[in-house]
Amino acid sequence: MIEGIFVEGLIFSVMAMGILISYRILDIADLTCDGSVATGAAVAAICITNGWSIPAAMVLAFIAGVLCGLCTAAIHNHLHIPGLLAGILTMTMLYSVNLRILGNKANVPLVRVDTMYDFFHQIFAFMPQAFASLAGTLLMVLVVKVIFDLFFRCDMGVAIGALGGNEQVVISLGMNVSTLKYIGLGLSNGLIALSGAMLAQYQGFADANLGQGMVVQGLAAIMLGEFLFRSNRISLITLRVILGSIIYKGLMFLGRRYGYLVGITPNDFKLLTGLLVIISLIVASTRTRMAEDKARKEAVARVMEDKKNA
């Protein structure tokens, strides 16, 4: 039970890292996520059911997600359509694409084929299956986290981070903004699709509707993590995302398990998730304003002290 919460949270954290790139680093409201997570699940499921190796299926799912992000970036860059609308267009088109990938079926089961989690059960055979799934998922997420951290410490990653902070600075340094957006959105949706591939194998099927509401859930996980501690170091930011994702899944589990005590049903979860994001935004805004007021008062106090000493 508890192991399942951690496994789902870890899988979800990979998607949240992808959302982190678009919403926090690039500062683009990208809704492609709702389509690309299902694309990753569909590609992985079809590859596995057709006899492809699991690593190959995962790589192809990641590449499919990258292509989704590149499509959004192309619409945004070359047609000069706002990022939000570009993401909506791609997400809408991906629903039909995902149905095509799944062979015009709403879902494809993975019950009779070996998945990544069967592989984990073999590697960690000395553990109960639930703990083996947790250990394998944790290992994979840590690998993704390390690669993510290293990328955003290199020159390309720093440039993408600067793009979200101040686009004019990047332009003044002679960097191609369009290229950076291609790379950022491609990497973002690649991670999201990878998360979808992991989720499909964990739950035992891929569904064309898998991505509904994933953007809001990812934002909720990111904001929950931001309440834990504040830091500008990329390694701590990604750790914060992982912890926030686990907390979010834990809260959803508690809602399903004990929500009936206060009249909450599974039908209310999307409403509660939206309210959680709104409350998080209000709290974050209040904290920022209080920090700015405190810094301003300290600056005024220092100036007055300097004048007094002079």
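Residues numbered from 1 in each chain as written. Predicted model: local features only at pLDDT ≥ 70, side-chain atom pairs only at ≥ 80, totals over all residues. Heavy atoms only, no water.

K.L.:
Any chance you could explain the overall build of the chain here in plain terms?
P.N.:
Looking only at helices and strands, the chain has 12 helices and 2 strands in total. Going from N to C terminus, the chain has its helices and strands arranged as α-α-α-α-β-α-α-α-α-α-β-α-α-α. In terms of overall size, the chain behaves like a compact globule, its C-alpha atoms giving a radius of gyration of 21 Å where 310 residues would be expected to give roughly 19 Å. Seen along its three principal axes, the alpha-carbon backbone of the chain occupies a region of about 80 × 50 × 40 Å. Taken over 310 residues, the chain has a buried fraction of 47%. At a minimum sequence separation of 6, the contacts of the chain that also span at least 24 residues come to 77%. Across the chain, the centroid of the 22 positively charged side chains sits 4 Å from that of the 18 negatively charged ones. (Helix = DSSP H or I, 4+ residues; strand = E, 2+ residues; numbered from the N terminus. Rg over C-alpha atoms; globule rule 2.2 N^0.38 Å. Buried < 20%, exposed > 50% of the residue type's maximum accessible area, 1.4 Å probe, protein only. Contact = heavy atoms within 4.5 Å. Lys, Arg positive; Asp, Glu negative; His and termini not counted. Charge placed at Lys NZ, Arg CZ, Asp CG, Glu CD.)

K.L.:
How do you make sense of the environment of Val-241 when you look at a structure like this?
P.N.:
Relative to the assigned elements, Val-241 resides in helix 11 (residues 234–258). Val-241 sits 77 residues away from Gly-164 along the chain, and the two C-alpha atoms are 18 Å apart. Once you skip the residues sitting within four places of it in the chain, Val-241 turns out to touch Ser-13, Ala-16, Met-17, Leu-20 and Ile-222.

K.L.:
I tried to follow a nonpolar patch on the surface on my own but got confused; where do I start?
P.N.:
Together, Phe-227, Leu-271, Leu-272, Leu-275, Ile-278, Ile-279, Ile-282 and Val-283 make up a nonpolar patch on the protein surface, roughly 680 Å² of accessible area in all. Residue classification places Leu-275 among the partly exposed positions, given a relative accessible area of 40%. (Patch = residues over 30% accessible without salt bridge, like charges linked within 9 Å, V, L, I, M, F, W, Y side chains within 5 Å. Areas by Shrake-Rupley, 256 points an atom, 1.4 Å probe, with all protein chains shown as cover. Salt bridge = Lys/Arg side-chain N within 4 Å of Asp/Glu carboxyl O.)

K.L.:
Looking at this structure, I do not really get helix 6 (residues 129–151). What am I missing?
P.N.:
If you check helix 6, its first and last C-alpha atoms are 33 Å apart, about what 23 residues at 1.5 Å a residue would give, namely 33 Å. Buried within helix 6 we find Ala-132, Ser-133, Leu-134, Ala-135, Gly-136, Thr-137, Met-140, Val-141, Val-144, Lys-145, Phe-148 and Asp-149. (Expected span 1.5 Å × (residues − 1).)

K.L.:
Mind showing me how you'd approach the pattern of salt bridges here?
P.N.:
In a structure, side chains of opposite charge can pair up when their charged atoms sit close to one another. With the rule as written, the count across this model stands at 2 salt bridges. A salt bridge links Arg-24 to Glu-226; the nearest nitrogen and oxygen atoms lie 2.8 Å apart. Pair noted here: Arg-24 is in helix 1 (residues 2–25) and Glu-226 is in helix 10 (residues 214–226), with a separation of 202 residues, a long-range link. Here Asp-149 makes a salt bridge to Lys-145, at a shortest N to O gap of 2.7 Å. Note that Asp-149 and Lys-145 are positioned in helix 6 at a spacing of 4 residues, about one turn of the helix. The class for Asp-149 is buried, based on a relative accessible area of 6%.

K.L.:
Would you take a moment to explain the environment of Phe-152 for this structure?
P.N.:
Following the sequence through the fold, Phe-152 ends up in the loop between helix 6 and helix 7 (155–165). The class of Phe-152 is buried, set by a relative accessible area of 9%. Note: C-alpha distance between Phe-152 and Ile-234 (82 residues apart in sequence) is 7.2 Å.

K.L.:
Help me understand the side chain of Thr-39, please; the structure alone is not making it clear to me.
P.N.:
Secondary-structure assignment places Thr-39 in helix 2 (residues 33–49). Of the polar contacts made by the side chain of Thr-39, one reaches the side chain of Asn-98; its length is 2.6 Å. (Polar contact = N/O pair within 3.5 Å; in protein donor to acceptor, adjacent residues only side chain to side chain.)

K.L.:
How should I be thinking about the packing of aromatic side chains in this particular structure?
P.N.:
Centre-to-centre distance and the angle between the planes together describe a pair of aromatic rings. Considering all chains together, one arrives at 6 aromatic pairs under this definition. Between Phe-12 and Tyr-248 the ring centres are 5.7 Å apart and the planes differ by 20°, which places this aromatic pair in the stacked class. One end of the pair, Phe-12, is in helix 1; the other, Tyr-248, is in helix 11, and 236 residues separate them in sequence. Judged by relative accessible area, which is 1%, Tyr-248 ranks as buried. Both rings, one in Phe-124 and one in Phe-126, keep their centres 6.3 Å apart while their planes meet at 70°; by these two values the pair is edge-to-face. Overall, the relative accessible area of 16% leaves Phe-124 in the buried class. (Phe/Tyr/Trp six-rings, centres within 6.5 Å; stacked < 30°, edge-to-face > 60°.)

K.L.:
Could you clarify how one ought to interpret helix 4 (residues 83–101) in this entry?
P.N.:
The end-to-end C-alpha distance of helix 4 is 26 Å, a good match for the 27 Å that 19 residues give at a rise of 1.5 Å each. Residues of helix 4 that are buried: Gly-83, Ala-86, Gly-87, Thr-90, Leu-94 and Asn-98. Of the surrounding elements, those touching the buried residues of helix 4 are helix 2 and helix 3 (54–78).

K.L.:
I tried to follow the state of the cysteines on my own but got confused; where do I start?
P.N.:
Covalent bonding between the sulfur atoms of two cysteines is what defines a disulfide. Per the stated rule, a full pass over the model turns up 0 disulfides. Of all cysteine sulfurs in the structure, the one in Cys-71 sits closest to Cys-68, which takes part in no disulfide; the separation is 7.5 Å. Cys-68 sits in the buried class, given a relative accessible area of 6%. (Disulfide = S-S within 2.5 Å.)

K.L.:
How do you make sense of the confidence of the model for the chain when you look at a structure like this?
P.N.:
Atomic detail in the predicted coordinates should be set aside for any region of low pLDDT. Residues at a pLDDT of 70 or more form 97% of the chain, whose mean pLDDT is 85. Looking over the chain, one finds the lowest element-wise mean pLDDT in helix 12 (residues 269–309), namely 75, and the highest in helix 3, namely 92. (pLDDT = per-residue confidence, 0-100.)

K.L.:
Looking at this structure, I do not really get the environment of Ala-200. What am I missing?
P.N.:
Here Ala-200 lies in helix 9 (residues 177–203). C-alpha of Ala-200 to C-alpha of Ala-42: the two residues are 158 residues apart in sequence and 8.0 Å apart in space. With near-sequence residues (within four places) excluded, Ala-200 lies in contact with Ala-41, Leu-110, Phe-205 and Ala-206.

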